[in-house]
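Residues per chain, in single letters:
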Amino acid sequence: MLSRVANSLYWMSRYIERADNVARILDVNLQLLLDYRRLDDEHLARHWTPIVQSTGDEEDFFEKYEEANGRTVTEYFVFRRDNPNSIVSSIAQARENARMVRDQITIEMWEEINRIHLLVRSERAKDIWASSPAEFFHEIRASSCDLQGLIDSTIPRNEGWYFIMAGKYIERADKTTRILDLRHENLPEKGVPVLVNQTDALEWSAVLRSCSAWDAYRHIHGVDVGPRRVTELLILSPEFPRSVRFCVGELDSVLRALSGVPSGRFWNDAEKLSGRLLSELRFSEIDDIFESGLHQYLDYLQLQLNDIGEALFDIYIYHPFHEGFSDQQQQQQQQALSDPEK
Amino acid sequence: MSLLNNYASEDFFDEMVSRSSDVRGHYQRFVDRFGMVDREEFESKRRAVDLAFLRQGITFNVYGDSQGTERIFPFDLIPRIIPANEWEHLERGLEQRITALNLFLHDVYHEQRIMKDNVVPPFYILSAKHFRREFVNFRVPKDIYVHICGTDLIRDNDGTYLVLEDNCRSPSGVSYVLENRRAMKRSFPGIFESVGVRPVDSYSTDLLKTLQYIAPAGVADPTVVLLTPGAYNSAYFEHTYLARQMGIEIVEGRDLVVKDAHVYMRTTHGLEPVHVIYRRVDDDFLDPTVFRKDSVLGAAGLINAYREGNVSLANSIGTGVADDKVVYYFLPRIIKYYLDQEPILPNVPTYLASEEEDKKYILEHLPELVVKAANESGGYGMLMGPRASKEEIEKFRGLIEADPRNYIAQPMISLSRHPTFCEEAGFEGRHVDLRPFILYGERTTIVPGGLTRVALNKGSLVVNSSQGGGSKDTWVLYD
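Bear in mind that the values here come from a model prediction, so they are computed numbers and not experimental data.

1. Considering helix H12 (residues 356-364) of chain B
All names here are of chain B.
Here's step 1: Listed as buried for H12 are Asp358, Lys359, Ile362 and Leu363. Buried residues along H12 cover an arc of 130° about the axis, so they all sit on one side. Exposed residues lying more than 90 degrees from the buried face of H12 are Glu356, Glu357, Lys360 and Glu364.
Here's step 2: At its buried positions, H12 is contacted by helix H11 (325-339), strand S13 (351-352), strand S14 (369-373), helix H13 (390-402) and strand S16 (407-411).

2. Focus on the sheet that holds strand S15 (residues 382-384) of chain B
All names here are of chain B.
Here's step 1: Strands sit in the order S13-S16-S14-S15 across an open sheet of 4 strands; the sheet is antiparallel. Looking at which strands have only one partner, the edges of the open sheet turn out to be S13 and S15.
Here's step 2: In terms of strand pairing, S14 meets S16 through 5 bridges, oriented antiparallel. Looking at the pairing, Ala373 lines up with Tyr407 of S16.
Here's step 3: Packing against the sheet, H13 makes contact with S14, S15 and S16, and its axis sits at approximately 135° to S15.

3. Observations regarding the packing of aromatic side chains
Here's step 1: In total, this model carries 42 aromatic pairs over all chains according to the counting rule given.
Here's step 2: Taking 5.0 Å as the distance between ring centres and 70° as the angle between the ring planes, the aromatic pair formed by Tyr10 of chain A and Phe313 of chain A counts as edge-to-face. Of this pair, Tyr10 of chain A sits in helix H1 (residues 3-33) while Phe313 of chain A is found in helix H16 (residues 294-318), placing the two residues 303 residues apart along the sequence. Residue Tyr10 of chain A shares its accessibility class with Phe313 of chain A, and that shared class is buried.
Here's step 3: A ring pair is formed by Tyr109 of chain B and Tyr145 of chain B, whose centres lie 5.7 Å apart and whose planes are at 10°; its orientation type is stacked.

4. Thoughts on unusual backbone geometry
Here's step 1: For the bond from Ala314 of chain B to Asn315 of chain B, the omega torsion is -5°, close enough to zero to count as cis.
Here's step 2: For Asn315 of chain B, the position within the fold is in the loop between strand S12 (312-314) and H11.
Here's step 3: Located in the positive-phi region is Ser212 of chain A, a residue other than glycine, with phi close to 50°.
Here's step 4: With relative accessibility at 36%, the residue Ser212 of chain A sits in the partly exposed group.

5. A closer look at the pattern of salt bridges
Residue and element names in this part refer to chain B.
Here's step 1: Applying the stated criterion across every chain, the model contains 59 salt bridges over all chains.
Here's step 2: The partner of Glu43 in a salt bridge is Arg46, with the nearest N and O atoms 3.8 Å apart. You can see Glu43 and its partner Arg46 sitting in helix H2 (residues 39-56), 3 residues apart, about one turn around the helix.
Here's step 3: Overall, Arg46 belongs to the buried group, its relative accessible area being 17%.
Here's step 4: A salt bridge links Arg139 to Asp143, with the shortest nitrogen-to-oxygen separation between them at 2.7 Å.
Here's step 5: You can call Arg139 exposed: its relative accessible area is 58%.

6. A few points about the pairing of strand S21 (residues 451-455) of chain B
Looking down a regular strand, the side chains alternate between one sheet face and the other.
All names here are of chain B.
Here's step 1: For S21, a buried count of 5 out of 5 residues is recorded, marking the element as mostly surrounded by other parts of the structure.
Here's step 2: Taking every second residue as pointing to the same face, both faces of S21 are buried, with Leu451, Arg453 and Ala455 on one and Thr452 and Val454 on the other.
Here's step 3: Where S21 meets strand S22 (residues 469-476), 4 bridges bridge the pair, whose relative direction is antiparallel. Bridge assignment links Ala455 to a residue of S22, and that residue is Gly469.

7. Thoughts on the confidence of the model for chain A
Here's step 1: Here chain A averages 88 in pLDDT, while 92% of its residues score no lower than 70.
Here's step 2: Across residues 336-342 of chain A, where pLDDT falls below 50, the model places 27 contacts with residues more than four positions away in sequence or in other chains.

8. Description of the sheet that holds strand S7 (residues 249-251) of chain B
All names here are of chain B.
Here's step 1: The strand order across the open sheet built from 4 strands is S7-S6-S11-S12, with neighbouring strands paired in parallel fashion. Edge strands, defined here as strands with exactly one partner in the open sheet, are S7 and S12. Here the average twist between neighbouring strands, direction ignored, is 30°.

9. Observations concerning the packing of helix H5 (residues 87-100) of chain A against helix H6 (residues 107-120) of chain A
Residues and elements named next belong to chain A.
Here's step 1: Two numbers describe how H5 lies on H6: the axes approach to 9 Å, and their chain directions differ by 145°. Here the hand of the crossing between H5 and H6 comes out left-handed. Residues Val88, Ile91, Ala92, Ala94, Arg95, Ala98 and Arg99 of H5 pack against Trp110, Ile113, Asn114, Ile116, His117 and Val120 of H6.

10. Quick look at the pairing of strand S10 (residues 270-273) of chain B
Here's step 1: Here 4 bridges tie strand S9 (residues 262-267) of chain B to S10 of chain B, and the two strands are oriented antiparallel to one another. By the bridge assignment, Tyr264 of chain B is partnered in S10 of chain B with Pro273 of chain B.

11. Looking at a negative patch on the surface
Here's step 1: A cluster of acidic residues, Asp40, Asp41, Glu66 and Glu67 of chain A, forms a negative patch at the surface.
Here's step 2: Relative to the helices and strands, Asp40 of chain A is located in the loop between H1 and helix H2 (41-54).

12. Points about the packing of H1 of chain A against H5 of chain A
Each pair of packed helices can be summarised by the angle the axes make with each other and by the distance between the axes.
Residue and element names in this part refer to chain A.
Here's step 1: The geometry of H1 relative to H5 is characterised by a closest axis approach of 8 Å and an angle of 155° between their N-to-C directions. For the element pair H1 / H5, the angle class is roughly antiparallel. H5 is crossed by H1, and the crossing has left-handed handedness. Facing H1, whose interface residues are Arg4, Ser8, Trp11, Met12, Tyr15, Ile16, Arg18, Ala19, Val22 and Ala23, H5 presents Ile87, Ser90, Ile91, Gln93, Ala94, Asn97, Ala98 and Met100.
Here's step 2: Classifying every residue of the contact of H1 with H5 gives 12 nonpolar, 4 polar and 2 charged.

13. Some thoughts on the side chain of Asn83 of chain A
Residues and elements named next belong to chain A.
Here's step 1: Relative to the helices and strands, Asn83 is located in the loop between helix H4 (70-78) and H5.
Here's step 2: Overall, the relative accessible area of 0% leaves Asn83 in the buried class.
Here's step 3: Among the polar contacts made by the side chain of Asn83, one reaches the main-chain amide nitrogen of Asn85 at a distance of 2.9 Å.
Here's step 4: Excluding anything up to four places from it in sequence, Asn83 contacts Asp57, Tyr76, Phe77 and Ser89.

14. Some remarks on the environment of Leu187 of chain A
All names here are of chain A.
Here's step 1: With respect to the secondary-structure elements, Leu187 resides in the loop between helix H9 (159-181) and helix H10 (198-210).
Here's step 2: Owing to a relative accessible area of 13%, Leu187 belongs among the buried residues under this scheme.
Here's step 3: Sequence separation of Leu187 and Gly293 is 106 residues, and the distance between their C-alpha atoms is 9.4 Å.
Here's step 4: Discounting residues that sit within four places of it in the chain, Leu187 has contacts with Pro193, Trp204, Pro227, Phe290 and Leu294.

15. Remarks on the side chain of Ser243 of chain A
Residue and element names in this part refer to chain A.
Here's step 1: Here Ser243 is to be found in the loop between helix H12 (227-236) and helix H13 (244-259).
Here's step 2: Separated by 2.6 Å, the side chain of Ser243 and the backbone oxygen of Ser237 make a polar contact.
Here's step 3: The residues contacting Ser243, other than those within four sequence positions of it, are Leu233, Leu234, Ile235 and Ser237.

Definitions and limits used
Residues numbered from 1 in each chain as written. Chains lettered and ligands numbered in written order. Predicted model: local features only at pLDDT ≥ 70, side-chain atom pairs only at ≥ 80, totals over all residues. Heavy atoms only, no water. Buried < 20%, exposed > 50% of the residue type's maximum accessible area, 1.4 Å probe, protein only. Helix = DSSP H or I, 4+ residues; strand = E, 2+ residues; numbered from the N terminus. Arc of directions from axis to C-beta. Contact = heavy atoms within 4.5 Å. Pairing = 2+ DSSP bridges. Axes fitted to C-alpha atoms, helices over the stretch in contact; angles between N-to-C directions. Phe/Tyr/Trp six-rings, centres within 6.5 Å; stacked < 30°, edge-to-face > 60°. Salt bridge = Lys/Arg side-chain N within 4 Å of Asp/Glu carboxyl O. pLDDT = per-residue confidence, 0-100. Left-handed = near helix turned anticlockwise from the far one by under 90°. Patch = residues over 30% accessible without salt bridge, like charges linked within 9 Å, V, L, I, M, F, W, Y side chains within 5 Å. Areas by Shrake-Rupley, 256 points an atom, 1.4 Å probe, with all protein chains shown as cover. Lys, Arg positive; Asp, Glu negative; His and termini not counted. Charge placed at Lys NZ, Arg CZ, Asp CG, Glu CD. Parallel < 35°, antiparallel > 145°, perpendicular 65-115°, else oblique. Nonpolar A, V, L, I, M, F, W, Y, C, P; charged D, E, K, R; others polar. Polar contact = N/O pair within 3.5 Å; in protein donor to acceptor, adjacent residues only side chain to side chain.

Encoded structure:
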C-alpha cells in the first residue's frame, strides 16, 4: 500500500472518531446544565473552561471569546472552521483524507462522509442546530455510527483496514483520557478520592455519558456514581470498548497484524511502546493511579499514545516519504488554471 | 409528446428536430417514450440525479475559491442521440485523424520530412510552445505518441460535423460519460431499453489495455499507475474514478522515487516498481530536473527513466505541439501527406494571423470572427467578434499585431442546438458540442458517443464547465 494512502486512511479514521467524541462531550455537557437550576457566570466558566482546556485550545479560544459559556464553547467546537478541532473542521478533514484515497475506500463510505460534510456546512445544519442542538449532535453521532458500521462491513481486512483501526484506537484512547481529565480539579491532587457531593456525582455521570459508558457502568456498579469507579472503568476495564486499556489492546493487535510479529515480542518501536503500555495497564490497580495523581497519569497516557503514533509513522510512512505540501497545492491549481479542460 | 411540445428549431440546426420542427427519425422512439413522462416526474428525477452527483462527490473544484468550493457539472436529462450510420462516419474520421496525428508527431520528432517538404513550414513547428526539442530522435514505445485523445466536434448550420480541436495531451471528461450513463439508466430504465443504446462501459478495460500495450519490453506483468497532480486539481474526481475502474494505484509525484533510472512508488513495505504511467500531469511538471525546476508534482529523474526505456508514459512527451491551433490549421494537409486521403472530418475554416494575407483579412473582419490564442483552451484567450465590445476588439487587434504567430481566427460557427431543460422556460434549444474519446494502442477503440457538452446560458456558445457549461448523456444507436 502507498505510504501516502496509509497516512490518509489513518487520519480519515482519527477525524471521524474525533468529530464523534466532540459531539458527545458537548451534547452531554449542554444537557447536564439543564439539571442545575441557577448557575452564576463563575460556575458556568468553571464548567466550560476545562472542556476548552481538554483539547489544548485554551489560548486560541480566549483570543476569540471573552468567556467560556455554553454558547461560546459550542460555537467554537461545532461550526468554527478556523478551529481545527471543531466538528465541522474534523469532518472536513476526514473527508479531505477520504477524497485522497477514494479509490481505496468503498463507495458507501465515501458517500456517507461526503453527505455529513455537505450537511454540516449547509444552512439546514444551522436550522437543526437552532431548533435542537441535541438533534444536531444525534445526527453527527448517527453518521459516525454509520461510518463505523460501514468500515466494519465493507472494508477488507487488509493493511488499509489496520491503518484505519490504528487511527481509531489512538484517537479514542486519547479522547477518553481527555474526558476523564475534565473533572480533575474536583479531585485531590494525589490519593484516592472520598465520597462526593450531589453536584460532583452529576458531573461524573456526565463523564460517563461523554464516553457512552453510562449503561456499562450501571450494569457493573449500579446507580452510585463516584470518581474511583468511573476512572477504573474508563482506564483499566479490559471489556469496555472505550477504556484506555481496551483501546491500547486493540492498537497493539493492529500493530502486530501490520508487522506479523507475535504478541510478547517486538520488531519496531511502535510495538515496543504499545506492548509496554499494555502490560502496564494490565498490571495496574486504580488506587496505584490515584496515589501517584490522576492528572499526571492521564498526561502520561497521552504522551505514550503520541509516541506510539509517531513511531508508527516513522516506520510505515515517513521513512519512504517526504513532505512539500503547500507548494504542491498551488501547482495543482496552477496547472489547471492554464488548462482547465485538459 | 407532452413535455417537448412546442419545441421549435428557431432557424438553428437542431439535433432533435428539423427546420420545420418535425422530430428526426432517430429521436422518434425516445420522444414517444419520453412523452409519457410528466413534468412532476421529470422534476423529481432531475433532483434525484443532482443529489446523487453531489453525494457521490462527482464534482469539479472551482479555482480561485479559498473555501475549496466544489460544484457538480450540471447534467441535463435529455440525451443527445446519434444514429448508427452517423457514428460510423465519425468513427472513421476520428480514426483517420489520430492515425495521422501519431504519424505526424513521430515525423516531427524524427526525420521531419513534413517540414523539409514544407507542407508544414518548419517555422511553425519550431516556434510551437509545446514542441519539445529535447525529445527529437527519442523513440517512444511502439511509436505511439497520442494514446488517449479527446477531439472536440461541432456541427454547423447544415449539420456537418467539424473538428474544432484535438486534445492530445490529457483530455478530461470521460468519467462524466460513464457517470452520466449510469444516471440515465437509473432515471429512465424503460426508455433506455426500448431505444437500443450502445453501451459505454468497456472504456476502462480498453484504457487499461492501451496502457499495458506500451509497457517496457520484457516486463511480463507491468504495474500501471495513474499520476495525478492531486486532490486540488479540477479533474481529481476523474483521476480517482478511472484508477478505481481500472484497479490501478493512483499516485502523486511525492509517491514516486527514481533510483538507477527505474521508477518506484513508496509503499508501507518499501519501494515497488512502476512500469507504465498514465499521467494527468502536464509535461512541464513531470520532472523538476528537466522541466520546471520548482515542480513538486512530478518526480526527479522520471524523464531519465523514460529515456532509458524503463518506464512508459501516456500520453508521450511533446504531444502538445499537435494541440497548437496553428498546427491544427495544417491537419487536413497532414492527413493528406501521411495517408494520402482526404480528411473525412473537415476542420473549421481557419485563418493564420502569421500569414500576411490572412492577417489582413482577420484585422479587417474582427467583428465577425472568433479569434483564438494558439495555445489556450477552456474558452480562455478568445475573442468572439460578433459579441465583443469595441474595446475587446481593439485589445485583440493589438495582441494579434504584436504576436501574429500566436493567433488564429475562424468564422463564428453557430453550433447545433439540442432541447435542454431550462427551469421555468421548460425545454429550449441550447448549443452543444461533442467530445469523443479515442484510444490508440494495439488497435484504435472509440467509446460509442462521448461527452456532449451544452452551453446552458441562452444563446451562449461556450460549453466549458468553468463557464456555464453542462453535459448530456450521448446515445449511439444500434443499427
